[in-house]
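# Survey of secondary and tertiary structure
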Amino acid sequence: HLKVERIGHGVRSAQDPEVLARLKADDIHLEVCPLSNVATGQYARIEDHPLPKLVEAGLSISLNSDDPPFFFTSVGKDYETAQRVFGFSEERMAEFTEEAIDRDLYLTLLS
């Protein structure tokens, strides 16, 4: 009923195939912050993060950093870590940025 278009984090969706399917079908964008998910203890290690599974599910995803001063991180560090740990190609890394720009522009046009 709320017509959700994007969700901050949303990484636990990787645990439920039905939720993944709904996110994909409804084209709901996830703003994923891998390093803060580790810093808050949601995942013990960055290698445990479900980012690859979310990508494999074909979801719209952007990489973000959640409260950089608090977590001692930056968007650049999240990008660098995601690419290094998960082996994403340069093209896939660019797609994260393109999806963020597309979603932000889309939401701006709606308002």
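A few points on the structure. (Residues numbered from 1 in each chain as written. Predicted model: local features only at pLDDT ≥ 70, side-chain atom pairs only at ≥ 80, totals over all residues. Heavy atoms only, no water.)

## A look at the layout of surface pockets
Of the voids in this model, the largest pocket is the one considered here, and its volume is about 160 Å³. Around the largest pocket sit His 1, Leu 2, Lys 3, Val 4, Ile 7, Val 19, Arg 22, Leu 23, Asp 26 and Ile 28, which together line it. The leading source of residues in the lining of the largest pocket is helix 1 (residues 17-25), at three residues. Among the residues forming the lining of the largest pocket, the class breakdown is six nonpolar, one polar and three charged. (1 Å grid on protein atoms, 1.4 Å probe; cavity = no way out; pocket = protein on both sides within 12 Å on 5 of 7 lines; lining within 4 Å. Points joined across faces, edges and corners; volume = space filled by probe spheres on them. Helix = DSSP H or I, 4+ residues; strand = E, 2+ residues; numbered from the N terminus. Nonpolar A, V, L, I, M, F, W, Y, C, P; charged D, E, K, R; others polar.)

## Quick word on the nonpolar core
Formed by 22 residues in total, the largest nonpolar core has its most connected members in Leu 51, Leu 54, Ile 61, Phe 88 and Phe 96. If you list the elements that add at least two residues to this core, you get helix 1, strand 2 (29-32), helix 3 (51-56), strand 3 (61-63), helix 5 (75-86) and helix 6 (90-110). Sequence-distant contacts of Leu 54, defined by excluding residues within four places in its chain, comprise Val 11, Ser 13, Ala 14, Leu 20, Leu 30, Val 32, Leu 59 and Ile 61. (Core = buried A, V, L, I, M, F, W, Y, C linked by side-chain atoms within 4.5 Å. Buried < 20%, exposed > 50% of the residue type's maximum accessible area, 1.4 Å probe, protein only. Contact = heavy atoms within 4.5 Å.)

## Observations regarding the sheet that holds strand 3
Reading across from one edge, 1-2-3 is the order of the three strands in this open sheet, with parallel pairing throughout. This sheet does not close on itself; its edge strands, each paired only once, are strand 1 (6-8) and strand 3. Across the sheet, the axes of successive neighbouring strands diverge by a mean angle of 20 degrees, strand direction being ignored. Bridge analysis of strand 2 against strand 3 gives three bridges, and the strand direction is parallel. Residue pairing for strand 3: Glu 31 is matched across the bridge by Ser 62. (Pairing = 2+ DSSP bridges. Axes fitted to C-alpha atoms, helices over the stretch in contact; angles between N-to-C directions.)

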